[in-house]
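Reading the structure
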Amino acid sequence: IRSLTPLSYLVNIEGTNASQVMIDLQGSEMFMGINQTALSPVAEKPGMFTGQGELAVCTTGEMGWRLTGSAETAAGRLDTRFNVRAK
């Protein structure tokens, strides 16, 4: 993953209906500001959400990020997390 390069998000929610899906990126090694993207539902594809974002540049040349995907459902908020590195 490269900083300042557009990222395309595609999230598929199965087993429950989501009213909203959000991507939150946080620097895992230092605070890099707020980086959140609300995803939009994909027309005629229930459970699919899409959006675009990008990672900020880190002066160290490489940065660890924690990506949290959150879905608002009737049962409450569901989160999943991934760790990624960017250059």
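Please read all numbers here as calculations on a predicted model, not as lab measurements. Going along each chain's sequence as written, the residues are numbered from 1 onward. Since the coordinates come from a predicted model, pLDDT governs what is reported: local features require at least 70, and pairs of side-chain atoms require 80 or more to be given and counted, while whole-chain, interface and lining totals use all residues. As a convention, hydrogens and water are excluded, and side-chain values are obtained from all of the structure's heavy atoms.

**Examining the pairing of strand β5 (residues 63-73)**
Looking along a regular strand, one sees the side chains alternate between the two faces of the sheet. To be explicit about the condition: For every residue, the accessible area (1.4 Å probe, protein chains only) is compared with the maximum for its type, and the residue is labelled buried under 20%, exposed over 50%, or partly exposed between those bounds. The helix count covers DSSP runs of H or I at least four residues long, the strand count covers runs of E at least two residues long, and both are numbered beginning at the N terminus. DSSP bridges decide pairing: two strands pair if at least two such bridges lie between them.
Here β5 lies mainly inside the structure; 9 of its 11 residues are buried. Sheet analysis places β5 next to strand β6 (residues 76-86), joined by 11 bridges and oriented antiparallel. Within β6, the position partnered with Gly-64 by the bridge is Arg-85.

**Topic: unusual backbone geometry**
The phi angle at Leu-4 is positive, at roughly 60°, despite the residue not being glycine. Tracing the chain through its elements places Leu-4 in the segment before β1 (7-12). Within the chain, Glu-44 stands out as a residue other than glycine whose phi angle is a positive 60°.

**Quick word on the sheet that holds β1**
For clarity, the cut-off: What counts as an axis is a line fitted to C-alpha atoms, over the stretch in contact for a helix, and the angles between N-to-C directions run from 0 to 180 degrees.
Taking strand neighbours across the sheet as the criterion, the 6 strands line up as β1-β4-β3-β2-β5-β6 in an open arrangement whose pairing is antiparallel. Pairing within the sheet leaves two strands with one partner each, and these edge strands are β1 and β6. Sheet twist, expressed as the mean angle between neighbouring strand axes with direction ignored, is 25°. With 6 bridges connecting them, β1 and strand β4 (residues 48-53) associate as antiparallel partners. Opposite Ser-8, over in β4, you have Gln-52 as the bridge partner.

The values reported here are purely geometric and, on their own, carry no functional implication.
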